[in-house]
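Chain and residue survey
Single-letter residue listing:
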Amino acid sequence: MEIRKQAIAGTLQSNDCQVRIVPGEGGIDLSIESSVMETFGKQIEKVIRETLARLNVEQCRILVEDRGALDYTIRARVETAVRRAYE
């Protein structure tokens, strides 16, 4: 799936995350800000990259501001942002 425009999904409320995705070049440029980065940073990154791979996104810049979201919330927010950016 090609990212055609900027899109945002999610909120900055507790137990949620906000995902901003924009077109990019040369692969996936991922930036994560999280209050639980030390403990769950690798898992958050894994969930984001797996979701992008499942959606066949190969090039984008994605910024994630996490406020303690669970894996299924992160997946949903990433997928929503990708689909909005594709339309």
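Everything that follows concerns the structure shown earlier in this document.
Positions within a chain are numbered from 1, following the residues in the order the chain's sequence is written. In view of the model being predicted, local features appear only for residues whose pLDDT reaches at least 70, and side-chain atom pairs are presented and counted only at 80 or more, with totals across whole chains, interfaces and linings using the full set of residues. Think of the side-chain values as coming from all heavy atoms in the structure, minus any hydrogens and water.

So, about the state of the cysteines. Disulfides are defined as pairs of cysteine sulfur atoms found within 2.5 Å of each other. All chains considered together, the criterion is met by 0 disulfides. This cysteine, Cys17, is not joined by any disulfide, and Cys60 carries the nearest cysteine sulfur, 14 Å off. Only protein chains enter the area calculation, which uses a 1.4 Å probe; residues under 20% of their type maximum are buried, those over 50% are exposed, and those in between are partly exposed. On the basis of relative accessible area, Cys60 is assigned to the buried category, the value being 1%.

Moving on to the environment of Arg54. Only runs of H or I of at least four residues qualify as helices and only runs of E of at least two qualify as strands under DSSP, and these elements are numbered from the N terminus. Within the element layout of this structure, Arg54 appears in helix H1 (residues 37-54). Arg54 gets classed as partly exposed once you look at its relative accessible area, which sits at 48%. Each C-alpha atom of the pair Arg54 and Met1 lies 9.8 Å from the other, and the pair is 53 residues apart in sequence. Here a polar contact is recorded for every N or O atom pair within 3.5 Å, except that within protein the pair must consist of a potential hydrogen donor and a potential acceptor, and residues adjacent in sequence are included only if both atoms are side-chain atoms. Here Glu79 takes part through its side chain, which lies 3.1 Å from a polar atom of the side chain of Arg54.

What follows is about the packing of aromatic side chains. Note on aromatic pairs: the rings of Phe, Tyr and Trp (six-membered ring only in Trp) are paired at centre separations within 6.5 Å, and the planes decide the class, stacked below 30 degrees, edge-to-face beyond 60, tilted for the rest. In this structure the tally under the stated criterion is 0 aromatic pairs. Looking at Arg4, its charged tip hangs above the ring of Tyr86, at a distance of 4.5 Å from the centre. Over a ring means this: the NZ of a Lys or the CZ of an Arg is within 6 Å of the ring centre and within 35 degrees of the ring normal.

The working definition used for a salt bridge is a side-chain nitrogen of Lys or Arg within 4 Å of a carboxyl oxygen of Asp or Glu. A complete count under the given rule lists 7 salt bridges for this structure. Of the charged contacts in the structure, one is a salt bridge between Asp29 and Arg61, with a shortest N-O distance of 3.3 Å. On the criterion of sequence distance, the pair formed by Asp29 in strand E3 (residues 28-34) and Arg61 in strand E4 (residues 60-66) is long-range, its members being 32 residues apart. Asp29 sits in the partly exposed class, given a relative accessible area of 41%. Put simply, Arg67 and Glu65 hold a salt bridge, and the shortest N to O gap is 3.8 Å. Given a relative accessible area of 32%, Arg67 falls into the partly exposed group. On the basis of relative accessible area, Glu65 is assigned to the partly exposed category, the value being 26%. Linked by salt bridges that have partners in common, Arg54, Glu79 and Arg83 make up one network.

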